[in-house]
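The lines below spell out each chain.
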Amino acid sequence: MPDERQAGAARGGCVEAPEQRRIVRTAIPGPRSTQLHKRRQASITDGFGVTLPVFVERAGGGIIVDVDGNHLIDLASGIAVTSVGAAAPAVVERVREQTERFTHTCFMVTEYDGFVEVAEALNRLTPGDHPKKTALFTTGAEAVENAVKIARTATRRPAVIVLDHAYHGRTLLTMTMTAKNVPYKDGFGPYAPEVYRAPFPYPYRWPGCSRHAAEQALDRLKDIVLSQVGADRVAAIVVEPIQGEGGFIVPPPGYLSGLQEFARAHGILLVADEIQTGFARTGDMFACGHEGIVPDLICTAKALGGGMPLSAVTGRAELMDAVPAGGLGGTYAGNPVACAAALGALETIEQENLVERARTIEALVMPRLRDLEKTSPVVGDVRGRGAMLALELVRPGTTDPAPDVAKDIAARCHADGVVVLVCGTYGNVIRMLPPLVIDDALLLDALSVLESSVREHVVTPGTC
Ligand SMILES: *Cc1c(COP(=O)(O)O)cnc(C)c1O
């Protein structure tokens, strides 16, 4: 690593973009990563987990280069963040230019144009052509918390409805809204009040016929709202239009529009958490677009900042303006460097037509995942949209979750230089979130590694 850094300095500070090819030079993690990981363990809380303990030297396009010189194919994008790549030229250039001018003023003290430009872009890009306004924050959890604050102030109602398998963050309110206990909630209670949960239509696991999942999930939600909570006490229903951490669960057609219709009929706000699905990821600018729903408020983060921490709530102007001045904000909310990065990321998404690119990725990958589903008894389901695709692993011949199989397949991918993530309420889903700018050859190479990891797993005795 020091050699490469010096070489970078000699080129006038320019770090060369990594060669877009998978290269496995050492065991993964290699010796340098292992050494650094030991230092980490001595100095950093065990409360942070790690998917793959390699230390990164540089990254870009579809490649992560580690300190041992391995070129790993990135099917994670830092959890759906670096959709434009981890060093997109438009992001790097705007960040460089902004840091030279100023790094921070605090938008609540003195203003700057980047914040306004990002807000204008979000008002334009998010679903619906009604008058909209935006508030910028720093993390996804903060966006969700603030959407709830706005919904409560605007409706003067306390309750929030969330769904099974939901993930909304790690702060007190958002961890309460999150469904999964271990590791997100366990031991961290008591939780925030006035959060109620309804079933989410998970087609693969819906009891009975999955064709009725949308309708039956809606019936249950309506019953919970009307008979248990009281519709006039409900400020908002918060939904991920495709669930992320919960397992890339795509609700059946009709569910989201049914939710919207019910919410409208009762003066309940529909809040879309598009933190993972947003900005071209699913083959539409937002996943709400697949069913044409128009949420009252939409939360974004992750890919918005092109790798810099930035989040937003965008919504109907009259709702966004219901909060008195000073009620929203944050020292770093809409930081100028993060706004500059976001403008670079949004420009890249639009100019390089990454919405279309996400659809192409689906067209390349999905048929091969379907083949795997047909030929591998451990693959129970494949699903997703655009460049948000997943395999659910089960015990052969059943739908019993097989988290150990998912872990084993992920470990095989990691050892062969492909970074994949595991997710799902039952820890048995392998998800793919490649940067949208990944080239075809790299994507197909990663897919071959995944395929052989699944097949190798099957022939290994005693693991399933
Ligand atoms: C990641 C995520 C969050 C939380 O975002 P942070 O930036 O980690 O706070 C919230 N909702 C969804 C759907 C997410 O994927």
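Now for a look at the structure at hand.

What counts as what
- Residues numbered from 1 in each chain as written.
- Predicted model: local features only at pLDDT ≥ 70, side-chain atom pairs only at ≥ 80, totals over all residues.
- Heavy atoms only, no water.
- Axes fitted to C-alpha atoms, helices over the stretch in contact; angles between N-to-C directions.
- Helix = DSSP H or I, 4+ residues; strand = E, 2+ residues; numbered from the N terminus.
- Parallel < 35°, antiparallel > 145°, perpendicular 65-115°, else oblique.
- Left-handed = near helix turned anticlockwise from the far one by under 90°.
- Contact = heavy atoms within 4.5 Å.
- Nonpolar A, V, L, I, M, F, W, Y, C, P; charged D, E, K, R; others polar.
- Core = buried A, V, L, I, M, F, W, Y, C linked by side-chain atoms within 4.5 Å.
- Buried < 20%, exposed > 50% of the residue type's maximum accessible area, 1.4 Å probe, protein only.
- Domains from an automatic or database assignment.
- Expected span 1.5 Å × (residues − 1).
- Arc of directions from axis to C-beta.

**Some remarks on the packing of helix H8 (residues 213–229) against helix H9 (residues 255–265)**
When two helices pack together, their arrangement is given by the angle between their axes and by how far apart the axes lie.
(1) Moving on: The geometry of H8 relative to H9 is characterised by a closest axis approach of 9 Å and an angle of 25° between their N-to-C directions. Classed by the angle they form, the pair H8 and H9 counts as roughly parallel. Crossing geometry of H8 relative to H9 is assigned as right-handed. Contacts from Ala214, Ala217, Leu218, Leu221, Lys222, Val225 and Leu226 of H8 reach H9 at Tyr255, Gly258, Leu259 and Phe262.
(2) Moving on: Of the residues contributing to the contact of H8 with H9, the split by class is 9 nonpolar, 1 polar and 1 charged.

**What about the nonpolar core?**
(1) Moving on: Among the nonpolar cores identified, the biggest contains 97 residues, and Leu221, Tyr255, Leu369 and Leu450 are the most heavily contacted of them.
(2) Moving on: Here this core takes 9 residues from helix H11 (residues 336–351), the largest share from any one element.
(3) Moving on: Per-domain counts for this core show at least three residues from each of domain 1 (7–75 + 353–459) and domain 2 (92–351).
(4) Moving on: Core analysis: the second largest hydrophobic core is formed by 27 residues, Val148, Val238, Leu297 and Val313 among them.

**A look at the environment of phenylalanine 200**
(1) Moving on: Within the fold, phenylalanine 200 resides in the loop between strand S6 (195–198) and H8.
(2) Moving on: Sequence separation of phenylalanine 200 and arginine 220 is 20 residues, and the distance between their C-alpha atoms is 9.5 Å.
(3) Moving on: If sequence neighbours within four positions are ignored, phenylalanine 200 has contacts with Leu163, Asp164, His165, Trp206, Ala217, Val239, Glu240, Gln243, Ile249, Pro251 and Tyr255.

**Examining H8**
(1) Moving on: Helix length check: H8 (17 residues) gives 22 Å between terminal C-alpha atoms against 24 Å at 1.5 Å per residue, within 8%.
(2) Moving on: Taken together, the buried positions of H8 are Ala213, Ala214, Ala217, Leu218, Leu221, Ile224, Val225 and Val229. Down the axis, H8 shows its buried residues gathered within 125° of arc, on one side only. Counted as exposed and oriented over 90 degrees from the buried face of H8: Glu215 and Ser227.
(3) Moving on: Those residues of H8 that are buried are in contact with strand S5 (159–163), S6, strand S7 (234–239) and H9.
(4) Moving on: After H8 finishes, the residue glycine 230 shows a positive phi value of roughly 95°.

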